[in-house]
Amino acid sequence: MNDTPLVEVAESHLDAPRLGDPRYAAEPASVFAELRSRYGPVAPVLLVGDVPAWLVLGHRELQHVTADTETFSRNSSRWRLGPQLPPEWPLWPMLGGGRGGRALLFLEGEEHRARSVAVSHALTGDLLEFRARCEQFAEELVASFAADGEAELMSAYAMRLPLLAVGWALGLSPKQGEDLVDSVTAMTAGGPDAFAGQQRLRDVFAELVERNRKSPGRDVTGRLSTHPAGLTDLELVEDLAVVATAGHQTTGNWIGNALRLMLTDPRYTDSFARGRLPVGQALREVLWEDSPTQVVAGRWATRPVELGTARIQTGDMVLLGLAAANHDPTIRPADGSTPRGSQAYLSYSHGRHGCPGPARDMAEVIAVAAIEVLLDSLPDMALACAPEALSWHPGVWLRGLQALPVTFTPALHAGQAPAPWG
Ligand code: HEM
């Protein structure tokens, strides 16, 4: 899509900066700092096609927006500009356009509460067993490149492990688990295969739901399909697709951002590789420092409201600047350093639509396993390029490396890795 404005831009947004340009992809933290000094905690911004929105940068303001679901709805059908935008506008998939709007992400009120309780219940499994599977998958992935002496860790490791782990938790077969990685990768890449990838994903879950209706498994799908909330087949497929995709790029980029800091920043080398902090705690510091989730779209105002210096109108879109809020100077120590031991970061968002607690536990188990197995197996791993040569995926929502090339002493992996789901 070219840069022609798709809608009329209101006066409040006339010289607003555009999110998602190359500078934003390279150094979002500087862009957020500039916006904060120019506008305060809420800034007018433009998205692709010069579509206007409000970006919340303040930690307190973000908590307020996510807590007040009456004023700031999750349902994009309230968007005043929605009817003016063509169906091919490339950001629609992240805003619940089309059938995706039936997934729990975009529901409101009691309907959301019931579905959210059901999904949280379904995600609450045996974390010890899950940890063992995550370590097994991590070891298998490392074994596939350990003898080479070099690897590209984003595609060979960080972006594969979360889906293999979540696929197992959902009760997918080994073949379906592999297909899931390919389908979700195609879908989220936004290229020509994106819609085919989304369709394959739905086909996999439709088959899984059918199987569970006849004989429920002792897994996430079994627990969700038998929950008293009584989800229909369509709702089950949509919510299972959310579970499979919500943890993929978020957890994969969290692992990637942690590895980059570990390989390039002495403070993180000490934390991770020299064991100064437990791996889980060091990973939480990465959320403060370099969050995989940068901006979430979004919330839609149900009435006129003032926030910071912004005068938000009914039906305006409000974006959650999660990474910016983590760097809000008002909640950082005076020297700007990472708040040690605090879990007040907003990378998982906040409030009723925030990432469910059991999902956060699963994500941390996956990320800890990823780092621990890699450090144990390839202890002398080093970056194979200059840190400045690393590049980031374009896009507004997430922060993730395009590639993370490393070298290490070739290792014959200890023992024969166990078969997946074996
Ligand atoms: C196994 C891994 C994960 C799973 C299964 C998972 C699952 C989910 C689900 C089901 C939701 C929808 C909640 C709702 O609307 O009621 C959600 C939302 C969300 N998750 Fe996760 N998630 C995972 C990992 C992560 C990670 C690692 C992050 C970031 C560090 C993250 C950040 C978020 C955010 C920002 C939202 C949306 C919040 C909003 O609209 O306010 N998730 N996640």
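These numbers come from a predicted model, not from an experiment.

1. Here's the deal with the coordination of the iron atom of the ligand
Working step 1: Exactly one donor from the protein chain reaches the iron atom of the ligand: Cys355 (SG), at 2.4 Å.
Working step 2: Turning to its location among the elements, Cys355 is positioned in the loop between helix 15 (322-326) and helix 16 (357-377).

2. Some remarks on the environment of Leu62
Working step 1: Structurally, the position occupied by Leu62 is in helix 3 (residues 59-67).
Working step 2: Each C-alpha atom, one on Leu62 and one on Leu320, is 6.6 Å from the other, the two residues being 258 residues apart in sequence.
Working step 3: Setting aside residues up to four positions removed in sequence, Leu62 forms contacts with Val56, Leu320, Gly321, Leu322, Ala325 and Leu346.

3. Points about the confidence of the model for the protein chain
Working step 1: Confidence along the protein chain averages 90 in pLDDT terms, with 95% of residues attaining 70 or more.
Working step 2: Across residues 414-422 the pLDDT falls below 50, and counting only partners more than four positions away or on other chains, this stretch makes 21 contacts in the model.

4. A few points about the packing of helix 13 (residues 266-273) against helix 14 (residues 279-289)
Working step 1: Interaxial distance between helix 13 and helix 14 falls to 9 Å at its minimum, and their mutual angle equals 150 degrees. In this view, helix 13 runs roughly antiparallel relative to helix 14, as classed from their interaxial angle. Judged by residue contacts, Tyr268, Ser271 and Phe272 of helix 13 engage Val279, Ala282, Leu283, Glu285, Val286 and Glu289 from helix 14.
Working step 2: Grouping the constituent residues of the contact of helix 13 with helix 14 by class yields six nonpolar, one polar and two charged.

5. So, the nonpolar core
Working step 1: Core analysis: the biggest nonpolar cluster contains 87 residues, and Leu153, Tyr157, Phe205 and Phe272 have the highest contact counts within it.
Working step 2: Looking at which element gives the most residues to this core, the answer is helix 16, with 13 residues.
Working step 3: When sequence neighbours within four positions are dropped, the list of residues in contact with Tyr157 reads Ala138, Leu141, Val142, Phe145, Ala369, Ala370, Val373 and Leu374.
Working step 4: Membership of the second largest hydrophobic core comes to 30 residues, among which are Tyr24, Ala43, Leu91 and Val295.

6. Let's talk about the state of the cysteines
Working step 1: For the coordinates displayed, the defined rule picks out zero disulfides.
Working step 2: Between Cys134, a free cysteine, and Cys355, which holds the nearest cysteine sulfur, the sulfur-to-sulfur gap is 15 Å.

7. Some words on the sheet that holds strand 10 (residues 405-407)
Working step 1: Pairing is antiparallel in the open sheet, where three strands are placed in the order 4-10-9. Sheet topology places strand 4 (150-152) and strand 9 (382-383) at the edges, where each strand pairs with a single neighbour.

8. Description of the pairing of strand 8 (residues 317-320)
Working step 1: Judged by which residues are buried, strand 8 turns out to be covered on both faces: Met317 and Leu319 on one side and Val318 and Leu320 on the other are all buried.
Working step 2: Of the strand pairs in this sheet, strand 2 (residues 51-56) and strand 8 are connected by three bridges, and their pairing is parallel. Among the inter-strand pairings, Leu55 is bridged to a residue of strand 8, identified as Leu319.
Working step 3: As paired strands, strand 5 (residues 296-301) and strand 8 are joined by four bridges and run antiparallel to one another. Bridging from a neighbouring strand, Arg299 pairs with Val318 of strand 8.

Basis of the calculations
Residues numbered from 1 in each chain as written. Predicted model: local features only at pLDDT ≥ 70, side-chain atom pairs only at ≥ 80, totals over all residues. Heavy atoms only, no water. Donors = N, O, S within 2.8 Å, 3.2 Å for Na, K, Ca; no water. Helix = DSSP H or I, 4+ residues; strand = E, 2+ residues; numbered from the N terminus. Contact = heavy atoms within 4.5 Å. pLDDT = per-residue confidence, 0-100. Axes fitted to C-alpha atoms, helices over the stretch in contact; angles between N-to-C directions. Parallel < 35°, antiparallel > 145°, perpendicular 65-115°, else oblique. Nonpolar A, V, L, I, M, F, W, Y, C, P; charged D, E, K, R; others polar. Core = buried A, V, L, I, M, F, W, Y, C linked by side-chain atoms within 4.5 Å. Buried < 20%, exposed > 50% of the residue type's maximum accessible area, 1.4 Å probe, protein only. Disulfide = S-S within 2.5 Å. Pairing = 2+ DSSP bridges.

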